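A look at the structure
Letter by letter, the chains look like this.
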Amino acid sequence: MQIATFNVNSVKQRIGHLCDWLKDVSPDIVCLQEIKCVDEAFPRMEIEALGYNVETHGQKTFNGVALLSKHPFDEVTRGLPGDDDDQQARYIEGVVSTKTGVVRVGGLYLPNGNPLGTEKFTYKLSWMDRLIAHTKTLLAYEEPFVLAGDYNVIPMPLDAKNPDAWTEDALFQPESRAKFRELLALGLTDALRATTDEGGLYTFWDYQAGAWQKNNGIRIDHLLLSPQAADRLTGVEIDKDMRAREKPSDHVPVRAIFDIPM
DNA sequence: ATGGCGGTGGAGCACCGA
């Protein structure tokens, strides 16, 4: 079983690349971020034609997340618990049954948080507190689960080509990194870091200033695994070639492969 | 990065992302 995350930066702009990639790597479950459209405008026909069930949590213009699965969803919930007034579409969760039991997948688009010193940064930190609280709830189920998405957090200096350039950025603030570590300390495993200690493994390159050509990237798209999921992890792939295409997203897909028969 | 790129809405250019 293969679970992937991909910040597409507008699903309507990326539908061609997305379908090519689905055909190419054939993930079982996909978490999409920044679909940037309402549910009714999501190009579901093209994706359903490839054999996927589609569940969206969209929003006009900004944000928006979706779950794709080759296997039917037993249940789907929209929105991160903890603040009924939060209008931003940043979280969707689904449960899929396998031969050996259920797998739960949470797809998330964590707030960017820039600029520092504004309500945007406090919203980021409070959103992370809600994610930590929800993770505690999920851990109590003692199920395999994956929280995958654009975390907008650079966990360590080796996750950036030029860490010094990010010291004033919300993505690399001590508070942001501390809350990410808090998630790990609950018992979650950063899938990529379970497979390698190497630096230079990035998932985002800015459109500006030739960042891709200079490999000036950062690692901010992550799959965090419950203990029951981490036990079955066999590999992680970053589909870096997607960034070299014409009109790419500024993020590339990340996939975790599990020894879980469907 | 004193934000140079790309997306959205909507028909200018402001706002957002990272």
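Read on for an overview of the structure. (Residues numbered from 1 in each chain as written. Chains lettered and ligands numbered in written order. Predicted model: local features only at pLDDT ≥ 70, side-chain atom pairs only at ≥ 80, totals over all residues.)

Looking at the overall build of chain A
Assigned secondary structure in chain A consists of 6 helices and 14 strands. The C-alpha radius of gyration of chain A comes to 17 Å, within 12% of the 18 Å expected for a compact globule of 262 residues. Principal-axis analysis of the C-alpha atoms gives chain A an extent of 45 × 40 × 40 Å. Split into buried and exposed, the 262 residues of chain A put 42% on the buried side. Contacts spanning at least 24 positions in sequence make up 68% of the contacts within chain A whose residues lie at least 6 apart. (Helix = DSSP H or I, 4+ residues; strand = E, 2+ residues; numbered from the N terminus. Rg over C-alpha atoms; globule rule 2.2 N^0.38 Å. Buried ≥ 20, exposed ≤ 12 C-beta atoms within 10 Å, placed from the backbone. Contact = placed C-beta atoms within 7 Å.)

Things to note about the pairing of strand 4 (residues 65-69)
Burial of strand 4 is extensive: 5 of the 5 residues sit out of reach of the surface. A two-sided burial pattern is seen for strand 4, the buried positions comprising Val65, Leu67 and Ser69 on one face and Ala66 and Leu68 on the other. Where strand 2 (residues 29-33) meets strand 4, 5 bridges bridge the pair, whose relative direction is antiparallel. When the bridges of strand 4 are listed, Leu32 appears paired with Ala66. (Pairing = 2+ DSSP bridges.)

Some thoughts on the protein's contact with DNA strand B
Neighbouring residues of DNA strand B: 24 residues in total, closest Ser10, Asn112, Tyr207, Gln208 and Ala209. Looking at side-chain class alone, the surface near DNA strand B contains 9 nonpolar, 9 polar and 6 charged residues. (Near = placed C-beta within 6 Å. Nonpolar A, V, L, I, M, F, W, Y, C, P; charged D, E, K, R; others polar.)

Focus on the sheet that holds strand 14 (residues 254-258)
Strand order across the open sheet formed by 6 strands is 3-4-2-1-14-13, with mixed pairing between neighbours. The open sheet has two edge strands, strand 3 (53-57) and strand 13 (233-238), and neither has a second partner. Within this sheet the neighbouring strands show an average axis-to-axis angle of 15 degrees, counted without direction. Examined bridge by bridge, strand 1 (residues 2-7) and strand 2 share 5 bridges and lie parallel to one another. Opposite Thr5, over in strand 2, you have Cys31 as the bridge partner. (Axes fitted to C-alpha atoms, helices over the stretch in contact; angles between N-to-C directions.)

Regarding the packing of helix 3 (residues 119-139) against helix 4 (residues 174-185)
Axis separation between helix 3 and helix 4 bottoms out at 10 Å; the angle between their running directions is 5 degrees. It follows from the interaxial angle that helix 3 and helix 4 lie roughly parallel. Residues Lys124, Leu125, Met128, Leu131, Ile132 and Thr135 of helix 3 pack against Glu175, Ser176, Lys179, Glu182 and Leu183 of helix 4. Class assignment for the residues of the contact of helix 3 with helix 4 results in 5 nonpolar, 2 polar and 4 charged. (Parallel < 35°, antiparallel > 145°, perpendicular 65-115°, else oblique.)

Topic: helix 1 (residues 11-25)
Over its 15 residues, helix 1 extends only 18 Å from the first C-alpha to the last, a length that falls short of the 21 Å expected when each residue adds 1.5 Å. Largest kink in helix 1: about 40 degrees, centred on His17. All of the buried residues in helix 1 are Val11, Arg14, Leu18, Trp21 and Leu22. Against strand 2 lie the buried residues of helix 1. A positive backbone phi angle near 50 degrees is found at Ser26, which sits one or two residues after helix 1. (Expected span 1.5 Å × (residues − 1). Bend = angle between axes of the 7 residues up to and from the residue.)

Observations concerning the sheet that holds strand 8 (residues 145-150)
The 6 strands lie next to each other as 5-6-7-8-12-9, forming an open sheet whose pairing is mixed. Two strands lie at the open edges of the sheet, namely strand 5 (73-78) and strand 9 (189-190), each paired on one side alone. Note that strand 9 and strand 12 (residues 221-225) share 2 bridges and pair antiparallel. By the bridge assignment for strand 12, Asp190 is matched with Leu224.

The quantities given are spatial measurements derived from coordinates; they are silent on function.
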